[in-house]
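Close look at the chain arrangement
The chain contents come next:
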Amino acid sequence: MTEQELIRAAAAGDEDAFGKLVEQYQHKVYHLALRMCGQEEDAADVAQEAFLAAWRGLPAFRGEAGFATWLYRLTSNAAIDHLRRVKRQRGDVSLDDEDLGLDAPDQAPGPQERAEGQELRQAVSEGLGRLSDDHRQVLVLREVQGMRYEEIAEALDLDLGTVKSRIARARGALRKILLESGNLSGYLPSNLSKPKERGR
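These notes cover the structure that comes with them. (Residues numbered from 1 in each chain as written. Predicted model: local features only at pLDDT ≥ 70, side-chain atom pairs only at ≥ 80, totals over all residues. Heavy atoms only, no water.)

So, the packing of helix α2 (residues 15-37) against helix α3 (residues 40-57)
Angle between the axes and distance between the axes are the two parameters that describe a pair of packed helices. Taken N-terminus to C-terminus, the directions of α2 and α3 make an angle of 140°; their axes are 8 Å apart at the nearest point. Between α2 and α3, the interaxial angle falls into the category oblique. Viewed along their axes, α2 and α3 form a crossing whose handedness is right-handed. Along the contact surface, α2 presents E15, F18, V22, Y25, Q26, V29, Y30, A33, L34 and C37, while α3 presents E40, D42, A43, A44, V46, A47, A50, F51, A54 and W55. Residues belonging to the contact of α2 with α3 are distributed by class as follows: 16 nonpolar, one polar and three charged. (Axes fitted to C-alpha atoms, helices over the stretch in contact; angles between N-to-C directions. Helix = DSSP H or I, 4+ residues; strand = E, 2+ residues; numbered from the N terminus. Parallel < 35°, antiparallel > 145°, perpendicular 65-115°, else oblique. Left-handed = near helix turned anticlockwise from the far one by under 90°. Contact = heavy atoms within 4.5 Å. Nonpolar A, V, L, I, M, F, W, Y, C, P; charged D, E, K, R; others polar.)

Here's the deal with α2
For α2, with 23 residues, the first-to-last C-alpha span of 28 Å runs short of the 33 Å given by 1.5 Å per residue. Of all bends in α2, the biggest is about 55°, found at Y25. Taken together, the buried positions of α2 are occupied by A17, F18, L21, V22, Y25, V29, L32, A33, L34, R35, M36 and C37. If you check the start of α2, you find a side-chain oxygen 3.0 Å away from the backbone N of D16, and it comes from D14. Phi turns positive, to about 90°, at G38, one or two residues after α2. (Expected span 1.5 Å × (residues − 1). Bend = angle between axes of the 7 residues up to and from the residue. Buried < 20%, exposed > 50% of the residue type's maximum accessible area, 1.4 Å probe, protein only. Polar contact = N/O pair within 3.5 Å; in protein donor to acceptor, adjacent residues only side chain to side chain.)

Quick word on the packing of aromatic side chains
Evaluation of the coordinates by the stated rule reveals five aromatic pairs. Ring geometry for F61 against W70: centres 4.7 Å apart, planes inclined by 35°, an arrangement best described as tilted. Taken as a pair, F61 and W70 share a single burial class, namely buried. Here F67 and W70 contribute two aromatic rings whose centre-to-centre distance is 5.8 Å and whose plane-to-plane angle is 45°, an arrangement assigned as tilted. Here F67 and its partner W70 are both found in helix α4 (residues 67-86), three residues apart, which amounts to about one turn of the helix. For the pair shown, F67 and W70 are each scored as buried. Seen from the ring of Y149, R142 lies directly overhead, with NZ or CZ sitting 4.1 Å from the centre. (Phe/Tyr/Trp six-rings, centres within 6.5 Å; stacked < 30°, edge-to-face > 60°. Lys NZ or Arg CZ within 6 Å of the ring centre and 35° of its normal.)

Laid out in structure tokens, this is it:
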């Protein structure tokens, strides 16, 4: 069955079809939840909430946005609800080089490069934890999930201009936090200082 056929079948109550959709998207949903929540246990709970919301909402799903975009919206909203519910800021979001485009060079890094890379990842993690929920949400969707501005606007039901300005403010806030850490001014990730080419 194609994805569209699975979606139609699941919307009609076919649990097996929905199970196949879950298998198809569970890694991406969990990954997004983990980046937003920072803890594996919380991410698992958020992913479960998102899939439960998808199961309940499928009969009303009309496909104006893509299924993946709709599912990311449910996941992102579930994560924000979770973060607000526990009412705490976290600084342990675990982002790796690939997630923020901080790819390692072709040659094996030396001890100094590894130390600097670890320091930068830790600083970015702590910085994300200090952002507001709204800023963390859009920055994770853009930088981690690689979603285009238009996709984020659809996923969060926001105007495109609002998305662009929110991402710009989020990047500025994170950049300021990194600079204030005192030792990152020389090697801020370039994609946090200017928009990516994709989605412009």
